Amino acid sequence: MNIRIGNGYDIHRLVPDRPLILGGVKIPHSLGLLGHSDADALTHAIMDAMLGALGLGDIGHYFPPSDPKWSGADSLLLLQQVNQLIEARGWHVGNIDSVIIAEQPKMKPHLEDMQEKLAHTLHIVDRNQVGIKATTNEKLGPVGREEGIAVYAVVLLFRG
Ligand code: MG
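The present account deals with the structure reproduced in this document. Bear in mind that the values here come from a model prediction, so they are computed numbers and not experimental data.

Some thoughts on the packing of aromatic side chains
Next, step 1: Summed over all chains, the structure comprises two aromatic pairs.
Next, step 2: Taking the centre distance of 4.9 Å and the plane angle of 45 degrees together, the rings of Y9 and Y152 count as tilted. Taken together, the residues Y9 in strand β1 (residues 3-15) and Y152 in strand β7 (residues 148-159) connect sequence positions 143 residues apart.
Next, step 3: Considering the side-chain rings of F63 and W70, the 4.8 Å spacing of their centres and the 85 degrees angle between planes classify their relative orientation as edge-to-face. Across this residue pair, the class does not change: F63 and W70 are buried.

Have a look at this one:
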């Protein structure tokens, strides 16, 4: 089989005095995402989808939060490593579709920058292969109360 599909999910808490980074883009906001690395939930969900597509486990296995090496890590560099891992097996990212769920701030002004950074990191020529959508949670639940930001991602890999 020359195509594989994977899905990924991530959520991080919103707290003061942390940067808000999604898809490698620093977004101006009063709160940021809490995590061991830079807490880039979009990039994490994409990495998990890539690993899942090949049955290779999840990012916690490769970049354990218990390892001080990954403290404050730039998640795009982790994504680069996951991409190397799949490329070493002859696979490439065909396309990604993802959705960021956040009440605040507005994601739309930053989506193109995120596409650009993710496409570049994954050696994708056409940034339209990187789908990023954003929605609110209609003020429902923890995400609706702005306690965190959640992301879902689906990735298609092809061999060739
Ligand atoms: Mg994460």
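Further notes follow.
A short note on the environment of M50
Next, step 1: Note that M50 resides in helix α1 (residues 41-53).
Next, step 2: Taking relative accessible area as the criterion, M50 reaches 0% and is therefore assigned buried.
Next, step 3: Taking the C-alpha atoms as reference points, M50 and A153, separated by 103 residues in sequence, lie 9.4 Å from one another.
Next, step 4: Setting aside residues up to four positions removed in sequence, M50 forms contacts with L79, V82, N83, I86, V93, L122, V155 and L157.

What about the sheet that holds strand β5 (residues 91-101)?
Next, step 1: Strand order across the open sheet formed by five strands is β4-β1-β7-β5-β6, with mixed pairing between neighbours. Bordering the open sheet on either side are β4 (32-33) and β6 (130-135), each of which pairs with just one other strand.
Next, step 2: Bridge count for β5 against β7 is 10 bridges, and the pairing is antiparallel. Among the inter-strand pairings, H92 is bridged to a residue of β7, identified as F158.
Next, step 3: Set on the sheet, α1 makes contact with β1, β4, β5, β6 and β7; between it and β1 the angle comes to about 150 degrees.

What counts and what doesn't
Residues numbered from 1 in each chain as written. Predicted model: local features only at pLDDT ≥ 70, side-chain atom pairs only at ≥ 80, totals over all residues. Heavy atoms only, no water. Phe/Tyr/Trp six-rings, centres within 6.5 Å; stacked < 30°, edge-to-face > 60°. Helix = DSSP H or I, 4+ residues; strand = E, 2+ residues; numbered from the N terminus. Buried < 20%, exposed > 50% of the residue type's maximum accessible area, 1.4 Å probe, protein only. Contact = heavy atoms within 4.5 Å. Pairing = 2+ DSSP bridges. Axes fitted to C-alpha atoms, helices over the stretch in contact; angles between N-to-C directions.

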